[in-house]
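Structural overview for review
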Amino acid sequence: MGNTNPKLVLGIETSCDETAASVVTEDGQILSNVVFSQIEDHQNFGGVVPEIAARSHLQKIDGVIRQAMSQANIKFSDLSAIAATCGPGLIGGVLVGAVTAKAIAAYYSKPFIAVNHLEGHALTVRLTNKVKFPYLLLLASGGHTQLLFVKGVGQYQELGGTIDDAAGEAFDKTAKLLNLGYPGGPAVEAAAVKGDPKAYNFPRSMCQREGCDFSFSGLKSAVLREVEKLDQITDQNKFDMAASFQQAIVEIMMNRCKNALRMIHQPMALVVAGGVAANREIRNGLERLAQKKGVEFVAPPLNLCTDNGAMIAWAGMEKFLLGRQDPLEFLPRPRWPLSSLS
Ligand code: KG4
Ligand code: ZN
């Protein structure tokens, strides 16, 4: 490829239960985005089993990358860099993706870029909507729930975070409690459609407090207490509990984002990202808040909220365009807070 062709980055994601690879261009085109979900492998256990996940990543990774390259219709030698999630996440899976990316980079003498999974979520709206820095980000996934002031690539100031469970974890645990299926978030959302959000008055923890920290463990316990009160739980009980639980989360998110917008003292876009951002009621609630406050609201398309390779390829591209790359000795990290990047 000549110099006039756009730069291309391959991104690999293996930090949880999706084996994913994608090729993106520097101008934000997604040439391929292949996601192999391990849902069936973990369904019987009601959650992700790390050893099973690592083994499954190992089995699938080559085929997923091959498919991403052939859909993009390019050769490895056309790539500008290879990026992979290097944490935070389940370390067995992270190692599979990181080692594969390093091997490709070494063989083709291309730069290797270690991407923080959370940074992948954080920068997705710059791929999909070309959102300018700075922005306020609600990052809500299975393992994390944080409000971040995003100033630039690698520059994240945490304004608040959860003091116990992550929002996605609360969805997953509630789904398990109500026997709604796995993964929990989409299952609760589907059940909530058939329920009454006012049927139960679940706690809106932290909402009376200053700042923008979160707490979800009381909410989950409140659902458990209601379940225990019933001799027999009907489907309608479950739908009502799912709807009331989801309503509590929506109101908590709106309350915390309102405080965060006040804390940053300047109007800027409100962005939501991470798996929980796929929830339509949460998106609608945050959009209403943004409208009221006169700021832009941006959420990635649903398939780019949950884990995927495009977000890793794009974060890799942003770093590559700034001249950053990582040594092949870079060690994957099970824990890797975003605030440590700056
Ligand atoms: O970002 P993600 O795919 O993986 C992590 O980095 O954790 O997020 C997965 C989380 C899970 O807890 C899942 O239940 C939740 O996102 N989730 C949802 C929805 N779709 C996925 N939560 C609420 N509503 C949804 N529609
Ligand atoms: Zn994620």
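Here the structure is shown first, and the text comes after it.
Right, let's walk through the structure included here.

Calculation notes
Each chain has its residues counted from 1, following the order in which its sequence is written. Written order determines the labels here, with chains lettered from A and ligands numbered from 1. Residue-level local features of this predicted model are given only where pLDDT is at least 70; pairs of side-chain atoms are given and counted only at 80 or more, and the full residue set underlies all totals for whole chains, interfaces and linings. Side-chain numbers here rest on the full set of heavy atoms in the structure, without hydrogens or water. Aromatic rings from Phe, Tyr and Trp, taking only the six-membered ring of Trp, are treated as a pair when their centres fall within 6.5 Å; an angle between ring planes under 30 degrees marks them as stacked, one over 60 as edge-to-face, and anything in between as tilted. A ring is considered to have a charge above it if a Lys NZ or an Arg CZ atom is located within 6 Å of its centre and within 35 degrees of its normal. A donor here means any N, O or S atom no more than 2.8 Å from the metal (3.2 Å for Na, K and Ca); water is not included, so a site may seem to lack partners. Note on conventions: DSSP H or I runs of at least 4 residues are helices, E runs of at least 2 residues are strands, and numbering of each starts at the N terminus. Relative accessibility thresholds used throughout: buried, under 20% of the residue-type maximum; exposed, over 50%; partly exposed, between the two (1.4 Å probe, protein chains only). Every case where a carboxyl oxygen of Asp or Glu lies within 4 Å of a side-chain nitrogen of Lys or Arg is listed as a salt bridge. At least two bridges found by DSSP between two strands is the condition for calling them paired. The criterion used for residue contact is that any of the two residues' heavy atoms lie within 4.5 Å. Lines are fitted to the C-alpha atoms to define the axes, a helix being fitted only along its stretch in contact, and any angle between axes, read from their N-to-C directions, falls within 0 to 180 degrees.

Quick look at the packing of aromatic side chains now. Tallied over the entire structure, the rule returns seven aromatic pairs. Here the aromatic residues Phe 76, Tyr 107 and Tyr 108 are joined through ring pairs into a cluster of three or more. One cation-aromatic arrangement involves Lys 60 over Phe 36; the distance from NZ or CZ to the ring centre is 4.8 Å. Arg 333 extends its terminal NZ or CZ atom over the ring of Trp 336, reaching a point 4.9 Å from the ring centre.

For the rest of this paragraph, the subject is the coordination of the zinc ion (ligand 2). Within the protein, His 117 (NE2), His 121 (NE2) and Asp 307 (OD) serve as the donor atoms for the zinc ion (ligand 2), at 2.0 to 2.1 Å. Within one chain, the residues serving as donors to the zinc ion (ligand 2) are arranged as H-x3-H-x185-D. Of this pair, His 117 and His 121 both sit in helix H4 (residues 117-128), four residues apart, which is roughly one turn of that helix. Each member of the pair, His 117 together with His 121, is buried.

Take the pattern of salt bridges next. Inspection of the entire model under this criterion finds nine salt bridges. A salt bridge links Asp 165 to Lys 220, with the shortest nitrogen-to-oxygen separation between them at 2.9 Å. Of this pair, Asp 165 sits in the loop between strand E8 (155-161) and helix H5 (167-177) while Lys 220 sits in helix H7 (residues 217-229), and the two are 55 residues apart along the sequence. A salt bridge links Glu 251 to Arg 204; the shortest N-O distance between them is 3.0 Å. Taken together, the residues Glu 251 in helix H8 (residues 235-263) and Arg 204 in the loop between helix H6 (184-192) and H7 connect sequence positions 47 residues apart. The exposure class of Glu 251 is partly exposed, given its relative accessible area of 33%. Overlapping salt bridges, with partners in common, bring together Asp 165, Glu 169, Lys 173 and Lys 220 in one network.

Spatial strand order, E8-E7-E6-E9-E10: five strands in an open sheet with mixed pairing. The open sheet terminates on both sides in strands that have one partner only, identified here as E8 and strand E10 (297-298). Across the sheet, H4 lies against strand E6 (135-140), strand E7 (145-152), E8, strand E9 (270-273) and E10, angled at about 130 degrees from E6, the strand it touches most.

So, to be careful, I would describe these as geometric facts and stop short of saying anything about function.
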